Amino acid sequence: MAGKVYIEFPARIVLIGFGSIGQGVMPLILRHIGIDPSRISIITADDRGRSEAEQYGIKFIREALTRENFRRILDANVGRGDFVLNVSVDVSSIALVKYCWERGAMYLDTCIEPWAGGYTSPTMTPAQRTNYALREAALALRSGQVRAPTAVITHGANPGLVSHFVKQALVNIAGDLGIEAAPKSRTEWAKLARQLGVTTIHIAERDTQVSSRPKKVNEFVNTWSVDGFVGEGCQPAELGWGTHERNFPRDGKRHESGCGAAIYLMQPGAATRVRTWTPKAGHIMSFLITHGESISIADYLTVTESMQPVYRPTVHYAYHPSDAAVLSVWELQGRNWQIQDETRIMMDDIVSGMDELGVLIAGHKKNAYWYGSQLTVEEARKLAPYNQATSLQVTVSCLAGMVWAMENPNSGLMEPDDLDYKRLLEICTPYLGTLHGEYTDWTPLSDRERVLPEDIDKSDPWQFKNVRVF
Ligand code: NAD
């Protein structure tokens, strides 16, 4: 597919990490950013993707970045006006943002990564292992850095693209309710969500991609980073905590400092199951894995009066990964969270399936509305090489975030919610398959108590207590 060049970029681009996302984003960068491949380099910890890089004429440096060596390795490759794209695991986002600002370079990542071991160190408290803590540490970089080079954090599919889906969905619901809405500021978006009566937002995803190779015993199979998924799946479950909630979870904990928009549960996300709904799958059970967007969207949509939150939706991820990944998580839990001896990211072996990734906006007059991308693996492969359905939703959002940053190079630290959702969706849409919006009358109380009486709050279907599977 030929593509429009969105921006000419005369400086250098450095990719850190060249796994499923790095390899998938490269053809999009070469197609849509005007840069000669000789000005791109890759710094990564293994040989995956080496032949792809060589085919494009891109410099490939195999060296794992650590707290001790990253400056020495990056100094030769990063300077004023350059762009660092961090799509690795185990390389600290915060260290890289600070470094990029020192060097005058722009930056983008798809999640806030700590240095290796940062999720699992036994010296850390559960609160310190949350994405809330990582986000607070990243936001603290903002002070005094308003005109710093643009550093976009957490801009993949989710976190990332889904923040733009939320805004588009709110506008669509408003239109269908006959409410004129064109919010510009954070305050106006939060007021619109409140006016619509939105109480709950699920990032509702069902991945149905299937490999020709069944999962083996003692193998973790996924459609994106196994290390990334296992890392976040073992963090405490986290959710933006809405002001309509009346049943605080018995294992829930609040944070002592920071924005206060989210809570965490004293169990790993990969062991926390929630009910959700997507148009193709219908009612499904999914994992409440911690994710940056659960916190940033909840924070963004908070209305405060006299310094107190008077409105905030509950926001969390509800992820039904590929069937092979569900089995892998089941086995992982059985191993007491010791990762399997073998791991595999499904790519060319995928024979069918779709990643249906969207936002389920609920609690308003029309009950619930899902808005998002329905992308099949066949469509993804036609649209871009080295991709499947899951990776393409991430990589095109990465590309769009990079273009936005290059168009707005001195914006300092930015989260997806801070960006212009129309511009981002304009760039992403050609790669998202069907962009679909659908209302449903399904609620977490639909069809309940079929086999036994349950402890549910019948006064409000969208209480988190009703969503969670005990
Ligand atoms: P992957 O496991 O396929 O690849 C990780 C890459 O990081 C590999 O190339 C590896 O060599 C490299 N790496 C590991 N340690 C390194 C180090 N110390 N220095 C330099 N490179 C190192 O992962 P992926 O699927 O490509 O995902 C990459 C990142 O993107 C992960 O952080 C993942 O969580 C994130 N991600 C975000 C989204 C989203 O939607 N926001 C979706 C998928 C992945």
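Residues numbered from 1 in each chain as written. Predicted model: local features only at pLDDT ≥ 70, side-chain atom pairs only at ≥ 80, totals over all residues. Heavy atoms only, no water.

1. Quick notes on the pairing of strand β16 (residues 282-287)
Taken together, the six bridges between strand β15 (residues 273-278) and β16 define a ladder with antiparallel strand orientation. In the strand pairing of β16, Thr276 is matched with Ile284. Where β15 folds back onto β16 in an antiparallel hairpin, the turn is made up of three residues. (Pairing = 2+ DSSP bridges. Helix = DSSP H or I, 4+ residues; strand = E, 2+ residues; numbered from the N terminus.)

2. Considerations on the site of the ligand
Taken together, 27 residues lie near the ligand, and Ser20, Ile21, Leu65, Thr110 and Ala157 sit nearest. Within the backbone of Ala157, an N or O atom sits 2.8 Å from an oxygen atom of the ligand. Separating an oxygen atom of the ligand from a backbone N or O atom of Asn158 is a distance of 2.9 Å. Computed on the free molecule, the ligand has an accessible area of 860 Å², of which 94% lies beneath the protein chains in the complex. Its residues assigned to classes, the shell around the ligand shows 15 nonpolar, nine polar and three charged. Each of domain 1 (7-152) and domain 2 (161-388 + 420-469) accounts for three or more of the residues forming the shell around the ligand. (Near = heavy atom within 4 Å. Polar contact = N/O pair within 3.5 Å; in protein donor to acceptor, adjacent residues only side chain to side chain. Areas by Shrake-Rupley, 256 points an atom, 1.4 Å probe, with all protein chains shown as cover. Nonpolar A, V, L, I, M, F, W, Y, C, P; charged D, E, K, R; others polar. Domains from an automatic or database assignment.)

3. Considering the packing of helix α5 (residues 131-139) against helix α9 (residues 292-300)
Taken N-terminus to C-terminus, the directions of α5 and α9 make an angle of 60°; their axes are 9 Å apart at the nearest point. Taken together, α5 and α9 sit at an angle that is classed as oblique. Seen along the crossing, α5 lies across α9 with a hand that is right-handed. On the side of α5, the interface is formed by Asn131, Tyr132 and Arg135, while α9 contributes Gly292, Ile295, Ser296 and Asp299. (Axes fitted to C-alpha atoms, helices over the stretch in contact; angles between N-to-C directions. Parallel < 35°, antiparallel > 145°, perpendicular 65-115°, else oblique. Left-handed = near helix turned anticlockwise from the far one by under 90°. Contact = heavy atoms within 4.5 Å.)

4. Regarding the pattern of salt bridges
Tallied over the entire structure, the rule returns 27 salt bridges. For Arg206, the salt bridge is made with Asp323, and the minimal N-O distance between the two is 3.0 Å. One end of the pair, Arg206, is in strand β9 (residues 200-207); the other, Asp323, is in helix α10 (residues 323-334), and 117 residues separate them in sequence. Residue Arg450 pairs with Asp447 through a salt bridge whose shortest N-O separation is 3.3 Å. Residue Arg450 is classed as exposed on the basis of its relative accessible area of 66%. (Salt bridge = Lys/Arg side-chain N within 4 Å of Asp/Glu carboxyl O. Buried < 20%, exposed > 50% of the residue type's maximum accessible area, 1.4 Å probe, protein only.)

5. Let's talk about the packing of aromatic side chains
Counted according to the given criterion, the structure contains 14 aromatic pairs. The interplanar angle of 75° and the centroid separation of 6.4 Å between the aromatic rings of Phe18 and Phe60 together place this pair among those described as edge-to-face. Of the two residues, Phe18 sits in the loop between β2 (13-16) and α1 (20-32) while Phe60 sits in strand β5 (residues 59-62), which places them 42 residues apart along the sequence. Phe18 gets classed as buried once you look at its relative accessible area, which sits at 1%. Between the aromatic rings of Tyr369 and Tyr439, the centroid separation amounts to 4.6 Å while the plane-to-plane angle is 40°, which identifies the pairing as tilted. Within this pair, whereas Tyr369 is found in strand β23 (residues 367-376), its partner Tyr439 is found in strand β25 (residues 434-440), the two being separated by 70 residues in sequence. The partly exposed category is assigned to Tyr439, whose relative accessible area is 25%. Against the face of Tyr439 rests Lys366, its NZ or CZ located 4.7 Å from the ring centre. (Phe/Tyr/Trp six-rings, centres within 6.5 Å; stacked < 30°, edge-to-face > 60°. Lys NZ or Arg CZ within 6 Å of the ring centre and 35° of its normal.)

6. Some remarks on the pairing of strand β18 (residues 308-311)
For strand β17 (residues 303-305) and β18, the ladder comprises three bridges, and the chain directions are antiparallel. Note that in β18 the partner of Thr304 across the bridge is Pro309. Counting the residues in the hairpin turn of β17 and β18 gives two residues, including Ser306, whose phi is positive at 45°.

7. Comments concerning empty space enclosed by the protein
By the definition in use, this model includes two cavities of 30 Å³ or more. Put simply, the largest cavity is a space of about 40 Å³. In terms of lining, the largest cavity is formed by Ser163, Val166, Lys167, Leu170, Trp189, Ile297, Tyr300, Leu301 and Asp417. The biggest single contributor to the lining of the largest cavity is helix α6 (residues 161-176), with four residues. (1 Å grid on protein atoms, 1.4 Å probe; cavity = no way out; pocket = protein on both sides within 12 Å on 5 of 7 lines; lining within 4 Å. Points joined across faces, edges and corners; volume = space filled by probe spheres on them.)

8. Section: the nonpolar core
In terms of nonpolar packing, the biggest core is built from 95 residues, with Ile13, Leu15, Ile29, Ile33, Leu170, Ile201 and Val359 touching the most fellow members. Counting only domains with at least three residues in this core, you end up with domain 1 (7-152) and domain 2 (161-388 + 420-469). With near-sequence residues (within four places) excluded, Val359 lies in contact with Val162, Phe165, Val166, Ala169, Ile201, His202, Ile203, Tyr369, Trp370 and Tyr371. Formed by 31 residues, the second largest nonpolar core is a distinct cluster that contains Ile16, Val91, Trp101 and Leu141. (Core = buried A, V, L, I, M, F, W, Y, C linked by side-chain atoms within 4.5 Å.)

9. Points about the side chain of His155
If you trace the backbone, His155 turns up in the loop between β8 (151-152) and α6. Here the side chain of His155 touches Ser397 through a polar contact of 3.0 Å, landing on its backbone oxygen. Apart from residues no more than four positions distant in its own chain, His155 is found in contact with Leu108, Asp109, Thr110, Gly160, His164, Ser397, Cys398, Gly401, Pro416, Leu419 and Leu424.

10. Here's the deal with the sheet that holds strand β6 (residues 83-86)
Overall, parallel pairing links the seven strands, which are arranged β5-β4-β2-β6-β7-β8-β24 in an open sheet. Sheet topology places β5 and β24 (413-414) at the edges, where each strand pairs with a single neighbour. Here strand β4 (residues 40-44) pairs with β5 via four bridges, running parallel. If you follow Thr44 over to β5, its bridge partner there is Arg62. Strands β2, β4 and β6 of the sheet are contacted by α1, whose axis makes an angle of about 165° with β2.

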